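# Working through the structure, step by step
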Amino acid sequence: MSTFHSYNVSHLQQLESEAIYVLRETAAQFRNSALLFSGGKDSIVMAWLAQKAFHPARMPLALLHVDTGHNFPETLTYRDMFVEKLGARLVVALVQDSIDQGRVVEEKGHRASRNKLQTTTLLDAIADGKFDACLGGGRRDEEKARAKERFFSHRNDFGQWDPKKQRPELWNLFNGRMHEGEHFRVFPLSNWTEMDVWQYIKQENIPLPSLYFSHQRRVFMRDGSWLDAETGFANPQPDEPVEEKTIRFRTIGDVTCTGAVPSTAATMDDIIAEVAAARQTERGTRADDQRSESAMEDRKKEGYF
């Protein structure tokens, strides 16, 4: 019997240990790291793990939120509460600043979204903050382009990603060497699934934004997704009637492209059961990923997370 099995380590303990190892390795190899924090469940778990990894010391990395200006109010309320609880340093990069400075041009039309504009804002924030590593909560089951990432994923001095030039990672040895101006994206949750994330949240009793749980909301259907009609960021057209529905969100992002799912899941157990029975991935509710077959990979090559 192997040493691993003799200790009867659960799969969640194994995933937690792996993620904490990657977080500590990041702190060891890089001088100035930032954790991309959106207020979504994956970034919440990442921050929770970072707190565990460096306890009782303060986590040696900033939380970086790229704010499109089209957030759910519940997300921002949660973000500020959670950051204060952790005692972390929050850096907010505003897409609106990139628009005002002429760095990006806002999309027009009723399907316009600021989601793609985040790339420029993110790369500027990395340069301004002199971050040499940025940690994200990408998982291999989430979207096919993300399955091509390594734990330590190199970006060139333009912030671009080349999936053909990723470095091998044998025996948990990570190569963080880079030239001036380059940086790394780090993915400690690479081997997690959506189900693992939910089970870990339940195990750790981690508080979440209310958006993840069933609630009543005015929504409208567009391109197969139920979009929010309450914040005013996504404007329904005459042929898109607004309905009051019982929904929840499986993923949280820009209001204009984050779809809800009809759901009565009001507890963690309900959500876990619902995810186990789901036929569609959580990214399937994101309108921005449906713009083309290679939408995510194209954006990642440009510098998107």
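Check the entry above for the structure.
Residues numbered from 1 in each chain as written. Predicted model: local features only at pLDDT ≥ 70, side-chain atom pairs only at ≥ 80, totals over all residues. Heavy atoms only, no water.

## A look at the overall build of the chain
Under the convention used in this document: In this text, helices come from DSSP runs of H or I with a minimum length of four residues, and strands from runs of E with a minimum of two, each type numbered from the N-terminal end. With a 1.4 Å probe rolled over the protein chains alone, any residue whose accessible area is under 20% of its type maximum counts as buried; one over 50% counts as exposed, and the rest are partly exposed. The criterion used for residue contact is that any of the two residues' heavy atoms lie within 4.5 Å. Residue burial considers only the protein chains on display, and all accessible areas are found by Shrake-Rupley using a 1.4 Å probe.
A tally of helices and strands in the chain yields nine helices and ten strands. Here the chain holds 305 residues, and the buried ones make up 52% of them. Considering only intrachain contacts with a sequence separation of at least 6, the fraction spanning at least 24 residues in the chain is 73%. On the chain, roughly 14500 Å² of surface is accessible, and the fraction owed to carbon and sulfur atoms is 50%.

## Quick notes on helix α6 (residues 118-129)
To be explicit about the condition: Expected helix span is computed as 1.5 Å times (number of residues minus one).
Compared with an ideal rise of 1.5 Å per residue, which puts twelve residues at 16 Å, α6 spans 16 Å between its outermost C-alpha atoms and is within 8% of the ideal. Those residues of α6 that fall on the buried side of the exposure criterion are Gln118, Thr119, Thr121, Leu122, Leu123, Asp124, Ala125 and Ile126. Positive phi appears at Lys130, one or two residues downstream of α6, with a value of about 55°.

## Here we look at the nonpolar core
Defined as follows: Buried Ala, Val, Leu, Ile, Met, Phe, Trp, Tyr and Cys residues that are joined via side-chain atoms within 4.5 Å together make up what is termed a nonpolar core.
Membership of the largest hydrophobic core comes to 57 residues, with the highest contact counts inside it found for Val45, Leu49, Leu63, Trp192 and Trp198. Examining the composition of this core, we find that nine residues originate from one element, helix α3 (residues 41-54), more than from any other. Every residue in contact with Val45, bar those within four places of it in the chain, is listed here: Leu189, Trp192, Val197, Tyr200, Ile201 and Ile206.

## Quick notes on helix α2 (residues 11-29)
Counted only if it meets this: Within this analysis, the arc is defined by the directions that extend from the helix axis to the C-beta atoms.
Across its 19 residues, α2 extends 27 Å between first and last C-alpha, which sits within 8% of the 27 Å expected from 1.5 Å per residue. Among the residues of α2, Leu12, Leu15, Glu16, Ala19, Ile20, Val22, Leu23 and Thr26 are the ones counted as buried. The buried residues of α2 occupy an angular sector of 155° when the element is viewed end-on, so they sit on one face. For α2, the elements touching its buried residues are β1 (33-36), α3, β4 (133-135), β5 (152-155), β6 (183-186) and α7 (194-204).

## Some points on the pattern of salt bridges
Cut-off, in case you're wondering: What counts as a salt bridge is simple: a side-chain nitrogen of Lys or Arg found within 4 Å of a carboxyl oxygen of Asp or Glu.
Enumeration over the complete set of coordinates arrives at 15 salt bridges. When the shortest N-O distance is used, the salt bridge between Arg139 and Asp42 registers 2.9 Å. Taken together, the residues Arg139 in the loop between β4 and β5 and Asp42 in helix α3 connect sequence positions 97 residues apart. On the basis of relative accessible area, Arg139 is assigned to the buried category, the value being 1%. Between Glu194 and Arg250 there is a salt bridge, with its nearest N and O atoms 2.7 Å apart. Here Glu194, found in helix α7, pairs with Arg250, found in the loop between β9 (242-248) and β10 (261-262); they are 56 residues apart in sequence, far enough to count as distant. Under the relative-accessibility criterion, Glu194 is labelled buried at 6%.

## Describing the side chain of Asp42
To keep things clear, this is the line we draw: Think of a polar contact as two N or O atoms within 3.5 Å of one another; within protein, one of them needs to be a possible hydrogen donor and the other a possible acceptor, and neighboring residues in sequence only count if both atoms come from side chains.
Assessed through its relative accessible area of 10%, Asp42 is described here as buried. Of the polar contacts made by the side chain of Asp42, one reaches the side chain of Arg139; its length is 2.9 Å. For Asp42, the contacting residues outside a window of four places in its chain are Gly137, Arg139, Glu142, Leu189 and Val197.

## What about the environment of Leu86?
Turning to its location among the elements, Leu86 is positioned in helix α4 (residues 73-86). Given the relative accessible area of 13%, Leu86 is considered buried. Leu86 sits 28 residues away from Arg58 along the chain, and the two C-alpha atoms are 8.6 Å apart. Residues contacting Leu86, with those up to four places away along its chain left out, are Ala47, Gln51 and Met59.

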